[in-house]
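# Summary of the model geometry
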Amino acid sequence: MDCNLFSSSLYSIVYGESMLNDVIGYTSFQTLLDIHLQPETRSILAIFSTLFWIFISIVLGYSIGLATALLCKLLSSDDANESERAGNAAAVVDPRSSQAVDLENHLYSTDFAVMFLSPWIAYLIAEAFDLSAILTIFFCGLSLGHYAIHNLSAECRQVIYS
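Residues numbered from 1 in each chain as written. Predicted model: local features only at pLDDT ≥ 70, side-chain atom pairs only at ≥ 80, totals over all residues. Heavy atoms only, no water.

Here we take up the confidence of the model for the protein. Put simply, the protein has an average pLDDT of 78, and 77% of its residues get 70 or more. Taking the mean pLDDT of every element in the protein, the minimum, 45, falls on strand S1 (residues 93–94) and the maximum, 91, on helix H4 (residues 133–146). Every residue in residues 88–94 scores below 50 in pLDDT, and together they form ten contacts with partners more than four places removed in sequence or on other chains. (pLDDT = per-residue confidence, 0-100. Helix = DSSP H or I, 4+ residues; strand = E, 2+ residues; numbered from the N terminus. Contact = heavy atoms within 4.5 Å.)

Now the structure itself:
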């Protein structure tokens, strides 16, 4: 879908609805499979168990996103202190090439790596505990977009949005 032809709110609604359909389809299949493989399990218990695991998936994804936002905030304050120290120093020399290194251009790579890896970490944790990985990644991305993006350097935001 071309975002230029439609408003961003319509795009968000369609994307969110398709994500919801994926999650409902996957969890419904898992619930019915559990009921079929274990006939002694009561249907209502399986449904409540599924709803509980969906809730845990949402909490896991959102909490990983919040932890990433906090980590980005701590990294950005450390990077600011490091750039102040680099500005006060005469020059930082790379021992391998004996050339001066511009630290300002390398500071956003840590932020970018943390933002890139946190949904993967959410996915791996969700899969390890047999949770809904789609839902976990979705809520991790929501919390990253809402909280962590403001703690990134301008260069890193430009790389992420481009």
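With that settled, the discussion passes to the nonpolar core. Most often, soluble globular proteins keep nonpolar side chains buried together rather than apart. Counting 17 residues, the largest nonpolar core has Met115 and Leu152 as the members making the most contacts within it. Among the elements of the structure, helix H2 (43–88), helix H3 (108–128) and H4 are those that each provide at least two residues to this core. The dominant element in this core, judged by the number of residues it contributes, is H2, at five residues. In this structure, Met115 is in contact with Thr68, Cys72, Leu144, Ala148, Ile149, Leu152 and Ile160, ignoring residues within four places of it in sequence. (Core = buried A, V, L, I, M, F, W, Y, C linked by side-chain atoms within 4.5 Å. Buried < 20%, exposed > 50% of the residue type's maximum accessible area, 1.4 Å probe, protein only.)

With that settled, the discussion passes to the packing of helix H1 (residues 8–37) against H4. Look at H1 against H4: their axes get within 9 Å of each other, and the N-to-C directions meet at 150°. In terms of axis orientation, H1 runs roughly antiparallel to H4. Our pair here, H1 against H4, has a crossing hand that is left-handed. Contacts from Tyr15, Gly16, Met19, Asp22 and Val23 of H1 reach H4 at Ile134, Leu135 and Phe138. Split by residue class, the contact of H1 with H4 holds six nonpolar, one polar and one charged. (Axes fitted to C-alpha atoms, helices over the stretch in contact; angles between N-to-C directions. Parallel < 35°, antiparallel > 145°, perpendicular 65-115°, else oblique. Left-handed = near helix turned anticlockwise from the far one by under 90°. Nonpolar A, V, L, I, M, F, W, Y, C, P; charged D, E, K, R; others polar.)

This part is about the packing of aromatic side chains. This structure, assessed with the given rule, holds five aromatic pairs. Geometrically, the ring pair formed by Phe52 and Trp53 is edge-to-face, given 5.3 Å between the ring centres and 70° between the ring planes. In this structure Phe52 comes out as partly exposed when scored by relative accessible area, which is 44%. Between the aromatic rings of Phe138 and Phe139, the centroid separation amounts to 5.6 Å while the plane-to-plane angle is 90°, which identifies the pairing as edge-to-face. (Phe/Tyr/Trp six-rings, centres within 6.5 Å; stacked < 30°, edge-to-face > 60°.)

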